Amino acid sequence: MTLNELGRHTAQLFAKTCGRPPRWIAAAPGRVNVIGEHTDYNDGFVLPMAIDRYTVIAAAPANTGSTRTQLRSTLGDGVTSLDLTQPVKPAPKGAWSNYPVGVIAGFLARGAKPCAFDALIHSTVPLGGGLSSSAALEVSTATLLEAITGLKLDPVDKALLCQKAEHDYAGMPCGIMDQFISVMGKENHLLLLDCRSRKPELVPMTDPSKALLIINTNVKHELTGGEYAKRRAQCEQAAKTLGVASLRDATADMLEHADGSLEPVVFRRARHVISEIERTLQAAEAVRASNWPTVGQLMYASHSSLRDDYEVSCPELDAVVDIAQAVGTKGGVSGCRMTGGGFGGCAVALVAADSVAAISDRLASEYERRTRIKPSLFVSRPAAGATLLQS
Ligand code: GLA
């Protein structure tokens, strides 16, 4: 389904639920991170792309006389009803409404005065798959609120507002990658983001002979748990011991020399981050040069580092990478790694475009044989960031 078709479909669902057509339709994509994992909150580099899976929100002003704003999702889970003339508050942890409500709170904090509205959310980004379904929900809400309030945010400010919603309302201390790529993604480009300066650089990815295959292990990924925050704290501890502002400023040499003064686990966390930042820069160069064997090797190295040093992989993700490696360059696979926060979710593989079907079949059947879980696989070209489909 194209994005416009998805928009029309969501408009029909809205009309069925709310009894009138929507006035606004906003959309924002999920993302896949090609490389640069757990580097964003260390001021490092990331290299994600937006995928052609979107969260779409259709909305219209509330019926005359109603002062309540009502949010619904096609996944069910009831109606969230708000009075936007009063301060908004987070619902209990785990409620999906915390993402859009956190974004609305960000607009209210900037002095925006949205009218009461009805909204219906529909998404093709797999939930809990490590493809940033949360960022897609936040950024689509922000795009909708820009239309409703007329307050057009600068892209960096918009991404930061959404990140704050995730911190304060969903309780997940995420970095800035997901919201930035969902706002700034561009068709046929990866985004090399310097998470310190917040300067994005587009890296063209147009070689028709290569495709990015996304393999969902269908093991649910749950990041609001404590492991993510624990990793962040370990990185901060490592930076402090090394006497640097963040691990972005540390080198492999500095780390080797400080070995004795870091707990072994903290040492390994830092080793991942320092090496991953380096790999991300090398990978961006290699993509620019269409040097696919190098990109592939860097992806495998990233996975090993996330599995062994950062310990955020899981047996199912390791199985996918293992099978991809067995298919190898002869079978059309250049590289493969887990993507996103980890502990489940998706892997991403760089593959020969003309072998996608054969590679997908082999990965799916071997994965199911080993884990007894059916995976979901799909290919995505680098897609465009958030957009208003109707205003
Ligand atoms: C999650 C977070 C991101 C980033 C990744 C790991 O997706 O939301 O900010 O830290 O994990 O790279």
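This one's a predicted model, so the numbers in the text were calculated from it and none came from an experiment. (Residues numbered from 1 in each chain as written. Predicted model: local features only at pLDDT ≥ 70, side-chain atom pairs only at ≥ 80, totals over all residues. Heavy atoms only, no water.)

A. Representation of the pattern of salt bridges in the model. Applying the stated rule across the entire model yields 24 salt bridges. Of the charged contacts in the structure, one is a salt bridge between Arg-196 and Asp-249, with a shortest N-O distance of 2.7 Å. Of the two residues, Arg-196 is situated in the loop between β6 (189-194) and β7 (199-204) and Asp-249 in the loop between α6 (226-242) and α7 (252-257); the sequence distance between them amounts to 53 residues. Under the relative-accessibility criterion, Arg-196 is labelled partly exposed at 36%. Put simply, Arg-271 and Asp-309 hold a salt bridge, and the shortest N to O gap is 2.8 Å. Residue Arg-271 is located in helix α8 (residues 264-288), and its partner Asp-309 is located in the loop between α9 (292-308) and α10 (315-327); the two are separated by 38 residues in the primary sequence. Taking relative accessible area as the criterion, Asp-309 reaches 10% and is therefore assigned buried. (Salt bridge = Lys/Arg side-chain N within 4 Å of Asp/Glu carboxyl O. Helix = DSSP H or I, 4+ residues; strand = E, 2+ residues; numbered from the N terminus. Buried < 20%, exposed > 50% of the residue type's maximum accessible area, 1.4 Å probe, protein only.)

B. Spotlight on the site of the ligand. Of all residues adjacent to the ligand, which total 13 residues, the nearest are Glu-37, His-38, Asp-40, Asp-178 and Tyr-228. Within the contact set of the ligand, an oxygen atom lies 3.1 Å away from a side-chain nitrogen or oxygen of Arg-31. Protein contacts shield 97% of the accessible area of the ligand, which totals 300 Å² for the unbound molecule. A per-class count over the shell around the ligand returns 6 nonpolar, 3 polar and 4 charged. (Near = heavy atom within 4 Å. Polar contact = N/O pair within 3.5 Å; in protein donor to acceptor, adjacent residues only side chain to side chain. Areas by Shrake-Rupley, 256 points an atom, 1.4 Å probe, with all protein chains shown as cover. Nonpolar A, V, L, I, M, F, W, Y, C, P; charged D, E, K, R; others polar.)

C. Structural context of the side chain of His-189. Take His-189: it is sitting in strand β6. One polar contact links the side chain of His-189 to the main-chain carbonyl oxygen of Glu-187, over a distance of 2.7 Å. Those residues within four positions of His-189 in sequence are excluded, and the remaining contacts are Met-49, Leu-202, Val-203, Pro-204, Met-205 and Pro-382. (Contact = heavy atoms within 4.5 Å.)

D. View of the state of the cysteines. In the structure shown here, the tally under the stated rule is 0 disulfides. The thiol sulfur of Cys-115 is not disulfide-bonded, and the nearest other cysteine sulfur, from Cys-18, lies at 14 Å. Cysteine Cys-235 shares no disulfide, and the gap to the nearest cysteine sulfur, in Cys-195, comes to 13 Å. (Disulfide = S-S within 2.5 Å.)

E. Fine view of the packing of aromatic side chains. Tallying each qualifying case throughout the model produces 1 aromatic pair. Sitting over the ring of Phe-378, Arg-53 keeps its end group 3.9 Å from the ring centre. Just above the ring of Tyr-310 sits the side chain of Arg-231; from NZ or CZ to the centre is 6.0 Å. (Phe/Tyr/Trp six-rings, centres within 6.5 Å; stacked < 30°, edge-to-face > 60°. Lys NZ or Arg CZ within 6 Å of the ring centre and 35° of its normal.)

F. Layout of the environment of Ala-384. Structurally, the position occupied by Ala-384 is in the loop between β11 (376-379) and β12 (387-390). Looking at Ala-384, the relative accessible area reads 27%, which means it is partly exposed. Expressed as a C-alpha distance, the spacing of Ala-384 and Thr-55, which sit 329 residues apart in the sequence, is 13 Å. Beyond its immediate chain neighbours, meaning those up to four positions away, Ala-384 contacts Pro-29, Ala-50, Tyr-54, Gly-185, Lys-186 and Glu-187.

G. Structural detail: the sheet that holds β11. One open sheet accounts for 4 strands, arranged β9-β10-β8-β11; its pairing is antiparallel. The strands lining the two open edges of the sheet, one partner per strand, are β9 (333-338) and β11. Neighbour-to-neighbour, the strand axes of the sheet open up by a mean angle of 20°, direction not taken into account. Pairing geometry for strand β8 (residues 210-216) and β11, over 4 bridges, is antiparallel. The residue bridging Asn-216 from the neighbouring strand is Ser-376, located in β11. Contacting β8, β9, β10 (346-352) and β11, helix α11 (residues 356-371) crosses the sheet at an angle of about 20° to β8. (Pairing = 2+ DSSP bridges. Axes fitted to C-alpha atoms, helices over the stretch in contact; angles between N-to-C directions.)

H. Representation of helix α4 (residues 155-170) within the structure. The first and last C-alpha atoms of α4 sit 22 Å apart over 16 residues, in line with the 22 Å expected at 1.5 Å per residue. Of the surrounding elements, those touching the buried residues of α4 are α2 (98-109), α3 (133-149) and α5 (177-184). Just downstream of α4 lies Gly-171, where phi reads positive at about 70°. (Expected span 1.5 Å × (residues − 1).)

I. Molecular detail of the packing of α9 against α10. Their axes nearest at 11 Å, the elements α9 and α10 cross at an angle of 150°. The angle between α9 and α10 places the two elements in the roughly antiparallel class. The two elements α9 and α10 cross, and the hand of that crossing is left-handed. Residues Tyr-300, His-303 and Arg-307 of α9 form the contact with α10, whose own contacting residues are Leu-317, Asp-318, Val-321, Ala-324 and Gln-325. Considered class by class, the residues forming the contact of α9 with α10 number 4 nonpolar, 2 polar and 2 charged. (Parallel < 35°, antiparallel > 145°, perpendicular 65-115°, else oblique. Left-handed = near helix turned anticlockwise from the far one by under 90°.)

J. Representation of the nonpolar core within the structure. Counting residues in hydrophobic clusters, the biggest one holds 74 residues, and the most contacted among them are Leu-47, Leu-131, Leu-190, Leu-242, Leu-247, Cys-336 and Val-351. Element by element, the count of residues in this core is highest for α8, at 10 residues. Contact partners of Leu-47, with chain neighbours within four places excluded, come to Asn-33, Val-34, Ile-35, Leu-190, Leu-191, Leu-192, Val-203, Thr-280, Ala-283 and Ala-284. Ranked by size, the runner-up nonpolar core spans 57 residues in total, among them Leu-161, Met-177, Phe-180 and Leu-193. (Core = buried A, V, L, I, M, F, W, Y, C linked by side-chain atoms within 4.5 Å.)

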